[in-house]
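# Results of the structural survey
If you want the building blocks of each chain, they are given just below.
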Amino acid sequence: MRAGSLDRRVTIESKTVTRDDYGAEVVSWSTFAEVWAEVRDINATERVADQIRTLTRLTMIKTRYVSGVTSDMRIRLNEDGRVLAIVSMAQIGRRLGWSFACEQYSA
């Protein structure tokens, strides 16, 4: 993996679920790791259903290997604040890096 292609700063966030005083789940996100990444937007799809417009954007992200990353985490792009759900992830080589397929939803 070439260092020159890792030109964007991203934050990998992990989810914490707690319960409030009434027993309802409260989801919060905390920083797991902040790393340099290669970010490529692949495509965007726009749908209209029940007069609600939904945009789905597929983004590929490559980073150096970080131990402990799981697919139930999410990735935040530091430059514009976009939050991406990890759809799938694959290890590059023998712990050289990660390749993430991510989606962003917005209504």
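Preceding block: the structure.
A few points on the structure.

About the thresholds
Residues numbered from 1 in each chain as written. Predicted model: local features only at pLDDT ≥ 70, side-chain atom pairs only at ≥ 80, totals over all residues. Heavy atoms only, no water. Pairing = 2+ DSSP bridges. Helix = DSSP H or I, 4+ residues; strand = E, 2+ residues; numbered from the N terminus. Salt bridge = Lys/Arg side-chain N within 4 Å of Asp/Glu carboxyl O. Buried < 20%, exposed > 50% of the residue type's maximum accessible area, 1.4 Å probe, protein only. Patch = residues over 30% accessible without salt bridge, like charges linked within 9 Å, V, L, I, M, F, W, Y side chains within 5 Å. Areas by Shrake-Rupley, 256 points an atom, 1.4 Å probe, with all protein chains shown as cover. Phe/Tyr/Trp six-rings, centres within 6.5 Å; stacked < 30°, edge-to-face > 60°. Polar contact = N/O pair within 3.5 Å; in protein donor to acceptor, adjacent residues only side chain to side chain. Contact = heavy atoms within 4.5 Å. Core = buried A, V, L, I, M, F, W, Y, C linked by side-chain atoms within 4.5 Å.

## Looking at the pairing of strand β5 (residues 83-92)
In this sheet, β5 lies alongside strand β4 (residues 74-77) in antiparallel orientation, the contact comprising three bridges. Its bridge partner lying in β5, Arg74 is registered against Ala85. Connecting β4 to the antiparallel partner β5 that follows it, the hairpin turn spans five residues, and Gly81 within it adopts a positive phi of roughly 80°.

## Describing the pattern of salt bridges
If you walk through the whole model with that rule in mind, you get eight salt bridges. For Arg9, the salt bridge goes to Glu34, with nearest N and O atoms at 3.5 Å. Of the two residues, Arg9 sits in strand β1 (residues 8-19) while Glu34 sits in strand β2 (residues 25-49), which places them 25 residues apart along the sequence. Ionic pairing is found between Arg19 and Glu25, a salt bridge with its closest N-O pair at 3.5 Å. Here Arg19 falls in the exposed class, since its relative accessible area comes to 56%. Given the relative accessible area of 54%, Glu25 is considered exposed. If you follow the salt bridges from partner to partner, you end up with Asp41, Arg57, Asp80 and Arg82 in one network.

## Quick word on unusual backbone geometry
Positive phi is not limited to glycine here, since Arg95 has a value of about 65°. By the element assignment, Arg95 lies in the loop between β5 and β6 (97-106).

## Some words on a nonpolar patch on the surface
On the surface, a cluster of nonpolar side chains totalling about 240 Å² of accessible area is made up of Val17, Val27 and Trp29. Here Trp29 is to be found in strand β2.

## Focus on the packing of aromatic side chains
Following the criterion strictly, the structure yields two aromatic pairs and no others. The structure contains a cluster of three or more aromatic residues connected by ring pairs, namely Tyr65, Trp98 and Phe100.

## Things to note about the side chain of Gln104
Here Gln104 is to be found in strand β6. Among the polar contacts listed, one links the side chain of Gln104 to the side chain of Arg82, at a separation of 3.0 Å. Not counting residues within four places of it along the chain, the set of residues in contact with Gln104 comprises Leu55, Thr56, Arg57, Arg82, Val83 and Leu84.

## Some remarks on the nonpolar core
With 17 residues, the main nonpolar core has Val10, Ile61, Val69, Ile75, Phe100 and Cys102 as its most contacted residues. At the level of secondary structure, the elements contributing two or more residues to this core comprise β1, β2, β4, β5 and β6. A total of four residues in this core trace back to one element, the largest contributor, which is β2. For Val10, the contacting residues outside a window of four places in its chain are Ala33, Glu34, Val35, Ala37, Val39, Ile75, Arg76, Leu77 and Asn78.

## Focus on the environment of Tyr65
Following the sequence through the fold, Tyr65 ends up in the loop between β3 (52-64) and β4. The class for Tyr65 is partly exposed, based on a relative accessible area of 24%. Put simply, Tyr65 and Ser28 are 37 residues apart on the chain and 25 Å apart in space, counted from C-alpha to C-alpha. Once residues lying within four places of it in the same chain are set aside, the contact partners of Tyr65 are Gln91, Arg95, Leu96, Gly97 and Trp98.

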